[in-house]
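# Overview (structure and organization)
One-letter residues, chain by chain:
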Amino acid sequence: MLEHWQQDTLQELTRNLDEDKMDDILEDLYPETTLETDDLIMEISVKKDYSQIEDLDKRKEEFINDLKDFINEFSETPESREFMAFFD
């Protein structure tokens, strides 16, 4: 557990980080991409390290499979229903 002074320091640092700096930090941690079709724009941050897959086609296939799994999981959540309720 963090000491009290460490928590205070961390909170102060967090308060001092503006949104642009946070975006830069997250961008350094996770690569990002934006997927766009005629109907959707989706911003994705990738947490998984695909570098262990040397073959580019296999790496792409793994990413696409993970993306499909993500969409399938999301479709089963209450958040997906709440999101669609926006159009009511």
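Criteria and cut-off values
- Residues numbered from 1 in each chain as written.
- Predicted model: local features only at pLDDT ≥ 70, side-chain atom pairs only at ≥ 80, totals over all residues.
- Heavy atoms only, no water.
- Pairing = 2+ DSSP bridges.
- Helix = DSSP H or I, 4+ residues; strand = E, 2+ residues; numbered from the N terminus.
- Phe/Tyr/Trp six-rings, centres within 6.5 Å; stacked < 30°, edge-to-face > 60°.
- Buried < 20%, exposed > 50% of the residue type's maximum accessible area, 1.4 Å probe, protein only.
- Salt bridge = Lys/Arg side-chain N within 4 Å of Asp/Glu carboxyl O.

### Some words on the pairing of strand 1 (residues 32-36)
Two elements, strand 1 and strand 2 (residues 41-45), share five bridges in a ladder whose sense is antiparallel. In the sheet register, Leu 35 faces strand 2, and the bridge partner there is Met 42. Where strand 1 folds back on strand 2, the antiparallel hairpin that results is connected by four residues.

### Side note on the packing of aromatic side chains
All told, the structure shown has two aromatic pairs when counted by the stated rule. With 5.9 Å between their ring centres and 80° between their planes, Tyr 50 and Phe 63 make a pair best called edge-to-face. Here Tyr 50 is found in the loop between strand 2 and helix 3 (56-75), whereas its partner Phe 63 is found in helix 3, with 13 residues between them in sequence. Take Tyr 50: its relative accessible area is 12%, and that puts it in the buried class.

### A short note on the pattern of salt bridges
Inspection of the entire model under this criterion finds two salt bridges. Salt-bridge contacts for Glu 62 lead to Lys 48; the nearest nitrogen and oxygen are separated by 2.6 Å. One end of the pair, Glu 62, is in helix 3; the other, Lys 48, is in the loop between strand 2 and helix 3, and 14 residues separate them in sequence. The partner of Lys 48 in a salt bridge is Asp 66, with the nearest N and O atoms 2.9 Å apart. Here Lys 48, found in the loop between strand 2 and helix 3, pairs with Asp 66, found in helix 3; they are 18 residues apart in sequence, far enough to count as distant. When its relative accessible area of 39% is taken as the criterion, Lys 48 is described as partly exposed.

Function-wise, these values are silent; they only describe arrangement.
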